[in-house]
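# Architecture at a glance
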Amino acid sequence: MTAALATAPLALRGVRHSYGDAEVLHGVDLTLDRGELVALLGPSGSGKTTLLAVAGGLLKPTAGEVSLLGADMTGQRLDRIARQVAYILQAGALIPYLTVQENLIARRVVTGHRPTAADQRDAARLLAAVDLAGKAGRYPDRLSGGERQRACVAQALYTGAPVLLADEPTASLDRARGRAVMELLAAHARDTGAAVLVATHDERSLDLAGRTLAIEDGVLTG
């Protein structure tokens, strides 16, 4: 492994992934640097979601290598990966019996952190940033689809993980709120040094990305 790959937050080399006999990722090479937001464009079925799942350890590649903070991800404990990688999933990942603010704090608790008053303030600040300050005490089933999506964005940012993977984070949002979310993700990368990969088919905020890549039929270009 080269020195550049050894220090990169996330690197994929020659990654392939198959579902049965159907190969959906074909030799993907990708390196994310600290402090950058990379946009990944592609139509439905292009391999975007599979690529994010492999990059974050949710799926094991059929072939190739995934390196997280300089260490081969294969064989790493899931709890260690969970401390290093945060997700914004298209389907959302809120615990239904916790309030919105409790959902944020619970993300740190499951990685071994004892919640403090500062955690409460951090959660409140992030919910305000996604325009959910007035919904902090609500349960997920009392939120609209767009509100749940924004809560998931706040939840991922709250983790402070050095790698953030987002699957269509603006899909349920109008233009203004979608732009605001992308601005928040770009600021997070810039201010914290996190590496952020956003899979999207929304081209309205690509000017906020440091790089734009494309994937089609499992082949990454750009």
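The shown structure was predicted, so the numbers you read here are calculated from the model rather than taken from an experiment. Along each chain, the written sequence defines residue order, and numbers are assigned to residues from 1. Side-chain atom pairs in this predicted model are given and counted only at pLDDT of 80 or more, local residue features only at pLDDT of at least 70, and totals for whole chains, interfaces and linings cover all residues. Water and hydrogen atoms play no part in the side-chain values, which are based on all heavy atoms of the structure.

## Remarks on the overall build of the protein
- Strands here mean DSSP runs of E at least two residues long; helices mean DSSP runs of H or I at least four residues long; both are numbered from the N terminus. Counting its regular elements, the protein contains seven helices and ten strands.
- We take the radius of gyration over the C-alpha atoms and set the globule estimate at 2.2 Å times the residue count to the 0.38 power. Radius of gyration (C-alpha) of the protein: 17 Å, near the 17 Å computed for a compact globule of 222 residues.
- Principal-axis analysis of the C-alpha atoms gives the protein an extent of 45 × 35 × 35 Å.
- Within the protein, the fraction of its 222 residues that count as buried is 49%.
- Excluding contacts between residues fewer than 6 apart, the proportion of contacts in the protein whose partners are at least 24 apart in sequence is 70%. The classification of residues rests on relative accessible area computed with a 1.4 Å probe and restricted to protein chains. Under 20% of the type maximum is buried, over 50% is exposed, and intermediate values are partly exposed. We call two residues contacting when some pair of their heavy atoms lies within 4.5 Å.

## Section: helix H2 (residues 48-55)
- By the criterion of burial, H2 is predominantly enclosed, with seven of the eight residues buried.
- Among all positions in H2, only Lys48, Thr50, Leu51, Leu52, Ala53, Val54 and Ala55 are buried.

## Details of unusual backbone geometry
- Positive phi is not limited to glycine here, since Asp131 has a value of about 60°.
- Within the fold, Asp131 resides in the loop between helix H5 (117-129) and helix H6 (145-159).
- One non-glycine residue, Glu168, adopts positive backbone phi at about 50°.
- One can find Glu168 in the loop between strand S7 (163-167) and helix H7 (175-192).

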